[in-house]
Amino acid sequence: MSEASDVADRTFFGHPIGLVNLFGVELWERFSFYGMLTILGYYLYYETTDGGLGLDKDVAIGLVGAYGGLVYLCTIIGGWVSDRLIGMERTVFYGGVVVMAGHIALALLPGLSGVGVGLVLVALGSGALKSNASALLGTLYPKGDPRVDGGFTLFYLGINLGSFVGPLLTGLLQESWGFHAGFGAAAVGMALGLTQYVVFRRNLGTAGREVPDPLPRKAAGPLVGLLVAAVAVIVLVVVTGLVTVDNLPDVTTGLIILAAAAYFAVMLTHRRVTSIERSRVWAFLPLFLANVVFWALFQQIFTVLAVYSDERMDWNIFGWTAPSNWIGSVEPVWIIALSPLFALMWTRLGDRAPTTPRKFALGVAGMGIAFLLFVPLSGSTGRSVPALAVLVIMAVFAISELLISPIGLAVSTQLAPEHFRAQMMALYFLSIALGTTLSGVLARFYSADDEFAYFGITGLVAIVAGAVIAALSSWITRYMSGVH
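In this text, all values refer to a predicted model and were calculated from it rather than measured experimentally.

## As for the overall build of the protein chain
- Scanning the protein chain from N- to C-terminus turns up 17 helices and six strands.
- Relative to its length of 484 residues, the protein chain is compact, with a C-alpha radius of gyration of 21 Å against a globular reference of 23 Å.
- Taken over the C-alpha atoms alone, the protein chain extends approximately 65 × 50 × 40 Å along its principal axes.
- Restricting to contacts in the protein chain with at least 6 residues of sequence separation, those with at least 24 account for 83%.
- Surface summary for the protein chain: the accessible area is close to 19,300 Å², and the carbon and sulfur share equals 70%.

## Considering the layout of surface pockets
- The volume enclosed by the largest pocket comes to roughly 1,800 Å³.
- If you trace the largest pocket, you find 38 residues lining it, with Leu70, Cys74, Val120, Ile234 and Leu255 closest to the centre.
- If one sorts the elements of the lining of the largest pocket by residue count, helix H9 (residues 220-239) sits on top with ten residues.
- Considering only residue class, the lining of the largest pocket consists of 35 nonpolar, three polar and no charged.

## Observations concerning helix H13 (residues 327-349)
- Its 23 residues place the ends of H13 33 Å apart at the C-alpha level, agreeing with the 33 Å of an ideal helix rising 1.5 Å per residue.
- Remark: the principal bend of H13, roughly 40°, maps to Leu338, with a proline, Pro340, within the next four residues.
- Every buried residue of H13 is listed here: Ile327, Gly328, Ser329, Val330, Glu331, Pro332, Ile335, Leu338, Ser339, Phe342, Ala343 and Trp346.
- Where H13 terminates, the next one or two residues include Gly350, which has phi positive at roughly 55°.

## Description of the environment of Asn21
- Along the polypeptide, Asn21 turns up in helix H2 (residues 18-45).
- Counting along the chain gives 116 residues from Asn21 to Leu137, while the straight-line C-alpha distance between them is 9.8 Å.
- Apart from the residues lying within four places of it in its own chain, the contact partners of Asn21 are Gln196, Tyr197, Phe200, Arg201 and Leu204.

## Overview of the nonpolar core
- Ranked by size, the top nonpolar core spans 138 residues in total, and within it Tyr67, Phe397, Leu427, Leu430 and Phe455 carry the most contacts.
- No other element matches the 14 residues that helix H15 (residues 387-415) contributes to this core.

## Some points on the pattern of salt bridges
- A full pass over the atoms with the stated rule returns six salt bridges.
- Ionic pairing is found between Glu29 and Arg30, a salt bridge with its closest N-O pair at 2.6 Å.
- Judged by relative accessible area, which is 1%, Arg30 ranks as buried.
- When the shortest N-O distance is used, the salt bridge between Lys57 and Glu311 registers 2.0 Å. In this pair, Lys57 is assigned in helix H3 (residues 57-73) and Glu311 in helix H12 (residues 304-311), connecting sequence segments 254 residues apart.
- Overall, Lys57 belongs to the partly exposed group, its relative accessible area being 29%.
- The exposure class of Glu311 is partly exposed, given its relative accessible area of 33%.

## Notes on the environment of Val464
- Along the chain, Val464 falls in helix H17 (residues 451-479).
- Val464 gets classed as exposed once you look at its relative accessible area, which sits at 51%.
- Considering only alpha carbons, one finds Val464 and Trp326, 138 residues apart in sequence, at a separation of 31 Å.

## Brief notes about the packing of helix H5 (residues 88-108) against helix H8 (residues 179-199)
- Closest axis-to-axis distance for the H5/H8 pair is 8 Å, and the angle between their directions is 160°. With respect to H8, the axis of H5 lies roughly antiparallel. Our pair here, H5 against H8, has a crossing hand that is left-handed. Across the interface between the two elements, Glu89, Val92, Phe93, Gly96, Val97, Val99, Met100, His103, Ile104, Leu106 and Ala107 of H5 pack against His180, Phe183, Gly184, Ala186, Ala187, Met190, Ala191, Leu194, Tyr197 and Val198 of H8.
- Here the residues of the contact of H5 with H8 are counted per class, giving 16 nonpolar, four polar and one charged.

## Points about empty space enclosed by the protein
- Counted according to the given criterion, the structure contains three cavities of 30 Å³ or more.
- Of the volumes computed, that of the largest cavity is approximately 200 Å³.
- Looking at the largest cavity, it is lined by 21 residues, and the ones nearest its centre are Tyr34, Tyr156, Ile159, Trp295 and Glu401.
- Those elements that provide at least two residues to the lining of the largest cavity are H2, helix H7 (148-177), helix H11 (275-298), H13, H15 and helix H16 (421-443).
- With four residues, H7 is the single largest residue contributor to the lining of the largest cavity.
- Here the residues of the lining of the largest cavity are counted per class, giving 13 nonpolar, four polar and four charged.

## With respect to the packing of aromatic side chains
- Within the structure shown, the criterion is met by 28 aromatic pairs.
- Summarising the aromatic geometry, the rings of Phe298 and Phe397 are spaced 6.1 Å apart at their centres and angled 45° between planes, so their arrangement reads as tilted. Taken together, the residues Phe298 in helix H11 and Phe397 in helix H15 connect sequence positions 99 residues apart.
- What makes Phe298 buried here is its relative accessible area of 4%.
- Taking relative accessible area as the criterion, Phe397 reaches 0% and is therefore assigned buried.
- By the ring-pair criterion, three or more aromatic residues cluster together here, those being Phe294, Trp295, Phe298, Tyr308, Phe371, Phe374, Phe397, Tyr446, Tyr454 and Phe455.
- The side chain of Arg201 reaches across the aromatic face of Phe93, ending 4.9 Å from its centre.

## Focus on H3
- Taking 1.5 Å of rise per residue, 17 residues should cover 24 Å, and H3 covers 24 Å from first to last C-alpha, within 8% of that figure.
- The buried fraction of H3 is high, at 14 of 17 residues.
- Among the residues of H3, the N-terminal cap falls to Asp56, whose side-chain oxygen and the backbone nitrogen of Asp58 are separated by 3.2 Å.

## Details of a nonpolar patch on the surface
- On the surface, a nonpolar cluster with roughly 340 Å² of combined accessible area is contributed by Ile104, Leu108, Leu109 and Val117.
- Locating Ile104 in the fold gives a position in helix H5.

Conventions and cut-offs
Residues numbered from 1 in each chain as written. Predicted model: local features only at pLDDT ≥ 70, side-chain atom pairs only at ≥ 80, totals over all residues. Heavy atoms only, no water. Helix = DSSP H or I, 4+ residues; strand = E, 2+ residues; numbered from the N terminus. Rg over C-alpha atoms; globule rule 2.2 N^0.38 Å. Contact = heavy atoms within 4.5 Å. Areas by Shrake-Rupley, 256 points an atom, 1.4 Å probe, with all protein chains shown as cover. 1 Å grid on protein atoms, 1.4 Å probe; cavity = no way out; pocket = protein on both sides within 12 Å on 5 of 7 lines; lining within 4 Å. Points joined across faces, edges and corners; volume = space filled by probe spheres on them. Nonpolar A, V, L, I, M, F, W, Y, C, P; charged D, E, K, R; others polar. Expected span 1.5 Å × (residues − 1). Bend = angle between axes of the 7 residues up to and from the residue. Buried < 20%, exposed > 50% of the residue type's maximum accessible area, 1.4 Å probe, protein only. Core = buried A, V, L, I, M, F, W, Y, C linked by side-chain atoms within 4.5 Å. Salt bridge = Lys/Arg side-chain N within 4 Å of Asp/Glu carboxyl O. Axes fitted to C-alpha atoms, helices over the stretch in contact; angles between N-to-C directions. Parallel < 35°, antiparallel > 145°, perpendicular 65-115°, else oblique. Left-handed = near helix turned anticlockwise from the far one by under 90°. Phe/Tyr/Trp six-rings, centres within 6.5 Å; stacked < 30°, edge-to-face > 60°. Lys NZ or Arg CZ within 6 Å of the ring centre and 35° of its normal. Polar contact = N/O pair within 3.5 Å; in protein donor to acceptor, adjacent residues only side chain to side chain. Patch = residues over 30% accessible without salt bridge, like charges linked within 9 Å, V, L, I, M, F, W, Y side chains within 5 Å.

Printed below as a string of structure tokens:
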């Protein structure tokens, strides 16, 4: 029996054995990323006497949202490198190497120079790793395999284990040893992820080794010229002041919208996309927009709720005050507890489970309900909101996330045209990019004095968006052409 067929026959709780490796590398990548992200805003706006850089708070929180959007925007580059140059499997590995280098830069380089170099490297590396790890997992399942939602839910458990532990550790290190110690822990986490990926690489067999649409050799020269021109343009707009820390969220939003529109246009018109595949791309469009709404609210954990945690929450737990940045670890606790139950539920239900559009509708509306639950807590002053109350609200965040996020990962691989697998996943991450950037833009409108209106309006808008997706669910399902 060949090694490839042996790998194909091996399973983990009924799922392909390669799930274990991708579960692990994504766990450590999210450990490093969220461990860094949950202290990044504080690092930017804390005073220099507290170890920070002393930026204006609104600017700092807007930058966190814009940076999160840029990370997911970089999935375009990761998808292109995978499809045209080295394949998904190797792109995952080299993306992890670049992520680790970025966290090392944040840990060792002082001031804004370390922030600039480190965040650019983390964005490029995470963009390469995230889109391709998810797309690679999708290739382990045949189209229409009812196990796929359960497999991606287990994969999502790995994401949230990392998201839970990362902020806990970096928060404690930041309070005891300073911000750079927290960034250093993120680098160590990614190193551990790379180690386990190399050790168990054989579990993936030949999956993701093929380059679907190889770049012709004659295109190498023009590609290098394009890269040089792109770098020159970026340097020019920064030096001339066209892009500043103040307008970066708006610029990022515009870039993501243009990139998403271009991706949809290419996939809907490309000669290698069949009529059935084109129908599935049309079905993906309303799911894309629903995902934007969901993540615009969800990613406020790292913008609005980061400030809320620092200034409005009482983190006293049995006489000990927990670090404010532990807000990033609260929601993953619920994900860890609920993910196996959701995975089992989707696997048991099989074709009887709600369709993907209905899951999306429930997930978006659920986020709206979660924001409305902050409304009764409005009106008080200072650090008076009990951590237990927010812990309960985060359970609604988690249920909503499990209804939409792992399902979105799964359906993106199932709806993808054959020649655009990794790039379809990059398009899915563009919806997260746009939502994440909008979380920073929306953060400008938040203040403790206007909490009632802020949480009330955003919550109601999300509920309406969920209702619209529910109304369109039959149309979307028909255009998905056999994908449940």
